[in-house]
Amino acid sequence: MSTENEGTAVPPAPSAPPVPVDSPAASAQEAAAPYGSAPTPPAAPPAGAAQAPSAQPHSAGPYAYGSRQGSAPDAAWPPPPPAGPAHGAGGDGSGGWGASYQPPASPPRRGRGGLIAALLIAALVAGGLGGGLGYTLAKDGDDSGSTTVSASDTGGSVKRDDGTVAAVAAKALPSTVTIQAEGAGGEGGTGTGFVFDKQGHIVTNNHVVAEAVDGGRLTATFPDGKRYDAEVVGHAQGYDVAVIKLKNAPSDLKPLPLGDSDKVAVGDSTIAIGAPFGLSDTVTTGIISAKNRPVASSDGSAGSKASYMSALQTDASINPGNSGGPLLDARGNVIGINSAIQSASNGLGGTGQAGSIGLGFAIPINQAKYVAQQLIKTGKPVYAKIGASVSLEETAGGAQISDQGAGGSEAVEPGGPADDAGLKPGDVITKLDDRVIDSGPTLIGEIWTHQPGDEVTVTYERGGKQHTVELTLGSRVGDN
């Protein structure tokens, strides 16, 4: 799957092999947007009018970066309530709820008609009296006239058992932060991160902090309101992972426990924490909808390169501002980093800020953990590679090795893993181990779930015949 941000095509993939040479064609059915663009709150609707939601992709390709919120919500949001008086508000006596009863001006006539009128008046008076008594009894707490039942415990004293959403949120929230990133020119946005270790390292998305990398400013705010300045330790655009470090970090930091994303099953419960549209410390729930979902996303800016992942798909509500936040399992273990969403506006003519439609994508934590450790250790990402450039066209037939590499280089790197395995330009790779490969972006995402030195089995087609070969993945350091 490729992604689309603000309607722009997916930028070229990172340069190191496999090096994409063609821009992928955005899929109309699976367009996701990055989480990074600034929302524009809708104007307040007329009094009493229903407000229709608007949407817009966050990232390049069908998928957009789903987590960074571009700016603080407008002060005019949410829209004001209807102009009419609220229930129970005083009226002008001309009618409506609460208007006083006005008896007929002329005296009632005798006879049956008069009796009926008298009965009606009596019924109204009795009804009013009963209502008044009921209110008075309830107000005075007279149990003899009330049928309500009081709860034995208030919300503050209810025990939340381990494994409940409330219990997981209570433990995880103190270890999440809302990140404010500001570039040298004043531009910036909001995202999320979580405590990775006791030394003050915070893991988030690259696109959350990208604007603050060169001469910008970063702050991280905990749910208790404590705010810390931070600095970028390292960032990996291809993986869309970054690590920042708190300055003067507190000594009582509690890192979130990391789970095993390889053992996650479709249908498992998920809990997402983030700052959607600037609403910090928001908790949403869902399930794992799919695994190994090929996703390519970008912020759509000039010169931006795509990020590739074999993602965990979740229907937990994720919106701009959730990016970089943890995706937790039912035990509170981090199984992924929320990174991208698919927007309904992609290809559907939408022009507003993208929002959740139940299609969110997270970087598996097993991959993110490896990347974060490399960034903390050296400040630079390390990518696995096969040493071949592949086409990024989504043909669904596999990943075809290009005739020529990026910048006029050879498509198959001399002496690289693919060359040693006998792969040639024009070969179409259809499987990597047991994963079906349907396009170049899918191959890149799958390769990057591995580490340099891993041995993999490559299935490819040449001249209408299928072949299988073993190769050892090489490595590339840095995004350039």
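Just so we're clear, the structure is a prediction, and the values are computed from it rather than from any experiment.

A.B. asks: Can you tell me about the side chain of Gln374, naming the residues and giving the values?
C.D. replies: In this structure, Gln374 sits in helix α4 (residues 365–378). Using a relative accessible area of 19% as the deciding quantity, one classes Gln374 as buried.

A.B. asks: Break down unusual backbone geometry for me, citing the residues and quoting the values.
C.D. replies: Apart from glycine, the bulk of residues carry a negative phi angle, and the bulk of peptide bonds sit in the trans form. Backbone geometry at Asn248 places phi at a positive 55°, although glycine is not the residue there. Structurally, Asn248 is set in the loop between β10 (241–246) and β11 (269–274). Residue Asn248 is classed as exposed on the basis of its relative accessible area of 74%. Despite not being glycine, Phe277 has its phi angle at roughly 50°, a positive value. Along the chain, Phe277 turns up in the loop between β11 and β12 (282–298). Owing to a relative accessible area of 28%, Phe277 belongs among the partly exposed residues under this scheme.

A.B. asks: Explain the pattern of salt bridges residue by residue, including any values.
C.D. replies: In this structure the tally under the stated criterion is five salt bridges. The salt bridge partner of Asp427 is Arg462, with a shortest N-O separation of 2.8 Å. In this pair, Asp427 sits in the loop between α5 (417–420) and β19 (428–432) while Arg462 sits in strand β21 (residues 455–462), placing the two residues 35 residues apart along the sequence. Residue Asp427 is classed as buried on the basis of its relative accessible area, which comes to 2%. When the shortest N-O distance is used, the salt bridge between Arg435 and Glu446 registers 3.8 Å. Here the residue Arg435 occupies a position in strand β20 (residues 435–436), and Glu446 occupies one in helix α6 (residues 440–447), the gap between them amounting to 11 residues. Glu446 gets classed as buried once you look at its relative accessible area, which sits at 6%.

How each quantity is defined
- Residues numbered from 1 in each chain as written.
- Predicted model: local features only at pLDDT ≥ 70, side-chain atom pairs only at ≥ 80, totals over all residues.
- Heavy atoms only, no water.
- Helix = DSSP H or I, 4+ residues; strand = E, 2+ residues; numbered from the N terminus.
- Buried < 20%, exposed > 50% of the residue type's maximum accessible area, 1.4 Å probe, protein only.
- Salt bridge = Lys/Arg side-chain N within 4 Å of Asp/Glu carboxyl O.

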